[in-house]
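Results of the structural survey
The lines below spell out each chain.
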Amino acid sequence: MRNTKSSEYRHGIAFIVIGLIISLLFIVVFAKVTTDISAGMTYNATLEVKKNMLRENVENMISFIDYSKADYLAENPGASDEEVEKAMYDIVYERIYSESHMDGSYMWVEKVLDYDGGDNYAIRLIHPNLTDTEGDHLTTNEVNSMGRKAYEEELEGVKKDGYIFLNYEFKKLDSDEVTGKVCYSRLYKDFDWIVCMGVNYDDLNHYEAQARENMRLYQVVMIVAIAATLLLLIGLLTYC
């Protein structure tokens, strides 16, 4: 009789231990899934914030050009279109090169020569990351390392809606490293300029990493708390 009770008791303890292991495994898997979801949500939310920042900065630049052009015309009522554009180029050039933005983002300007695209459809007008190529012609036939015609996508987007968000790969500011980038491009039709601003995707990764680190702390606390509760339960069953 005693052996039967002892056997039942051992089986009960074994059942609880197995339940404990399964519960802990479930907690670990659940914690990992929760962490991945939380980190992904943080990344996506940060990306949306950055995209809104890109749009806001470019739109502010467009407004700045409008105000500067109006001031210039008020002071120079007889100025030709070429003189106005040259004056705005100097003003915008100075502003872009004097600005400093977070996360390696920066602004640049292209001038469209042919809205039908093709070779020499545009000129790289202002580009603080590729100063030696300012004045070079661009082509919509260029295929980037992602297998996409980014210039063609940009041109078609601004022709259709006046603006476009683009994903592509490009050299980082002050570096030869090529990374993924999200860019907001806006057409300023008065001068046939495309004003752009972009930010590197990998500059957003630290936000995701921070979210994962924060979640790990909650995971450890949760696992320890549940494990301690289950161990306490085993102890109570053992001595009852």
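Refer to the structure printed above.
Residues numbered from 1 in each chain as written. Predicted model: local features only at pLDDT ≥ 70, side-chain atom pairs only at ≥ 80, totals over all residues. Heavy atoms only, no water.

1. Re the pairing of strand β1 (residues 106-112)
A large share of β1 lies buried, amounting to seven of its seven residues. The alternating pattern of β1 places Tyr106, Trp108, Glu110 and Val112 on one face and Met107, Val109 and Lys111 on the opposite face, and all of these are buried. Across six bridges, the pairing between β1 and strand β6 (residues 193-200) is antiparallel. Counted as the bridge partner of valine 109 is valine 195 from β6. Across four bridges, the pairing between β1 and strand β2 (residues 119-126) is antiparallel. Paired with valine 109 across the two strands is isoleucine 126, which belongs to β2. (Buried < 20%, exposed > 50% of the residue type's maximum accessible area, 1.4 Å probe, protein only. Helix = DSSP H or I, 4+ residues; strand = E, 2+ residues; numbered from the N terminus. Pairing = 2+ DSSP bridges.)

2. Description of the nonpolar core
Soluble globular proteins: nonpolar side chains tend toward being buried together. Counting residues in hydrophobic clusters, the biggest one holds 24 residues, and the most contacted among them are Ile65, Val92, Val109, Trp193 and Val195. Residue assignment for this core shows that the elements contributing at least two residues are α1 (2-75), α2 (81-98), β1, β2, β5 (178-188) and β6. In terms of residue count, the dominant contributor to this core is α1 (six residues). Tryptophan 193 has contacts with Ile65, Glu85, Met88, Tyr89, Val92, Val109, Glu110, Lys111, Leu125, Arg186, Leu187 and Tyr188, leaving out every residue within four places of it along the chain. The next biggest cluster of nonpolar side chains, apart from the first, holds 17 residues, and it includes Tyr121, Leu155, Tyr168 and Cys183. (Core = buried A, V, L, I, M, F, W, Y, C linked by side-chain atoms within 4.5 Å. Contact = heavy atoms within 4.5 Å.)

3. Focus: the pattern of salt bridges
Under the definition given, this model contains nine salt bridges. Across the salt bridge formed by lysine 51 and glutamate 48, the nearest N and O atoms sit 3.9 Å from each other. With lysine 51 and glutamate 48 both in helix α1 and three residues apart, the pair spans about one turn of that helix. (Salt bridge = Lys/Arg side-chain N within 4 Å of Asp/Glu carboxyl O.)

4. With respect to α2
With 18 residues, α2 extends 26 Å from end C-alpha to end C-alpha; this agrees with the ideal 26 Å at 1.5 Å per step. Of all the positions in α2, only Val84, Glu85, Ala87, Met88, Val92 and Ile96 are classed as buried. End-on view of α2: buried residues confined to an arc of 160 degrees, all on one side of the axis. Counted as exposed and oriented over 90 degrees from the buried face of α2: Glu82, Glu94 and Ser98. (Expected span 1.5 Å × (residues − 1). Arc of directions from axis to C-beta.)

5. Focus: the packing of aromatic side chains
Geometry of an aromatic ring pair is reported as the spacing of the ring centres plus the angle between the planes. Going through the model one piece at a time under the given rule, you end up with eight aromatic pairs. With a centroid separation of 5.7 Å and 40 degrees between ring planes, the pair formed by tyrosine 89 and tyrosine 93 is classed as tilted. One end of the pair, tyrosine 89, and the other, tyrosine 93, are both in helix α2, four residues apart, so they sit about a helical turn from each other. Its relative accessible area of 28% is what places tyrosine 93 among the partly exposed residues. For the ring pair tyrosine 121 and tyrosine 151, a centre distance of 6.4 Å and an interplane angle of 55 degrees mean the geometry is tilted. Note that tyrosine 121 is positioned in strand β2 and tyrosine 151 in helix α3 (residues 150-161), a separation of 30 residues in sequence. Of the two residues, tyrosine 121 and tyrosine 151, both sit in the buried class. (Phe/Tyr/Trp six-rings, centres within 6.5 Å; stacked < 30°, edge-to-face > 60°.)

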